[in-house]
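Structure assessment
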Amino acid sequence: RVKTNKNLTIKSKPTPVQPSLTKKRQDYLEWPEYFMAVAFLSAQRSKDPSSQVGACIVNQENKIVGIGYNGMPNGCDDDLLPWSRSADNKLDTKYPYVCHAELNAIMNKNSADVKGCTMYVALFPCNECTKLIIQAGIKDVIYLSDKYHDTPEMTASRRLLNLAGITYKQFQPKQGRIVIDFNSINHPGLKTSSGFGGVQSP
Ligand SMILES: [Zn+2]
């Protein structure tokens, strides 16, 4: 007795579609630029007058699982804490109090953990944040600026990242600036210098 399988589906070739109907937008934002831009946008929330840093944690499915920017700890009135970079007494500077973007991004995670994730961050992480990055299981760090490269903090940071086997790479943006133009939604066909409501060349 031969059993026939009525549930067998026969794969047919997909019907060809006219190429003119499948034309996609070409100048969309690629993932790395998108994640770094999210980090930079979040930095705009910072109240720090001298340094605005944002961080964005992304899992292996390109999903954002944490965002943070530098600020005073939760519940601590930031009008009652100093924002200064220098003072006679270190307690009158921001340094003993402020939470860096990386710390906040990790603490703000909306997933069970951030193991195996990539962190996009505006500034190369300091040694304290690097400790958190390592302990959280983040595997890659992509940063934009390395302006404090020669400080002991960053040197210690590189030492730890190297030992922990975490890769770190400087981000090379394809465009110098991304402009968010709220008005672009009303004029979807209108191109500014390129694409999504305004990407401007450097
Ligand atoms: Zn830090």
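The structure under discussion appears in the preceding block.
Residues numbered from 1 in each chain as written. Predicted model: local features only at pLDDT ≥ 70, side-chain atom pairs only at ≥ 80, totals over all residues. Heavy atoms only, no water.

**Some thoughts on the nonpolar core**
Counting 24 residues, the largest nonpolar core has Ile57, Ile106, Val114, Met119, Val121, Ile133 and Ile138 as the members making the most contacts within it. Every element with two or more residues in this core is listed here: strand S1 (54–58), helix H2 (101–107), strand S3 (118–123), helix H3 (127–136), strand S4 (140–145) and helix H4 (152–164). With 4 residues, the top contributor of residues to this core is S3. If near-sequence neighbours (up to four positions away) are discounted, Val114 is found in contact with Ile57, Val65, Lys109, Ala136, Gly137 and Ile138. Formed by 9 residues, the second largest nonpolar core is a distinct cluster that contains Val38, Val58, Tyr120 and Ile142. (Core = buried A, V, L, I, M, F, W, Y, C linked by side-chain atoms within 4.5 Å. Buried < 20%, exposed > 50% of the residue type's maximum accessible area, 1.4 Å probe, protein only. Helix = DSSP H or I, 4+ residues; strand = E, 2+ residues; numbered from the N terminus. Contact = heavy atoms within 4.5 Å.)

**A closer look at the packing of H3 against H4**
As a packed pair, H3 and H4 sit with axes 8 Å apart at the nearest point and diverge in direction by 20°. Compared by their axis directions, H3 and H4 come out roughly parallel. The handedness of the crossing between H3 and H4 is right-handed. Facing Asn127, Thr130, Lys131 and Ile134 of H3, the residues of H4 in contact are Glu153, Ala156, Ser157, Leu160, Leu161 and Ala164. For the contact of H3 with H4, a count of residues per class yields 5 nonpolar, 3 polar and 2 charged. (Axes fitted to C-alpha atoms, helices over the stretch in contact; angles between N-to-C directions. Parallel < 35°, antiparallel > 145°, perpendicular 65-115°, else oblique. Left-handed = near helix turned anticlockwise from the far one by under 90°. Nonpolar A, V, L, I, M, F, W, Y, C, P; charged D, E, K, R; others polar.)

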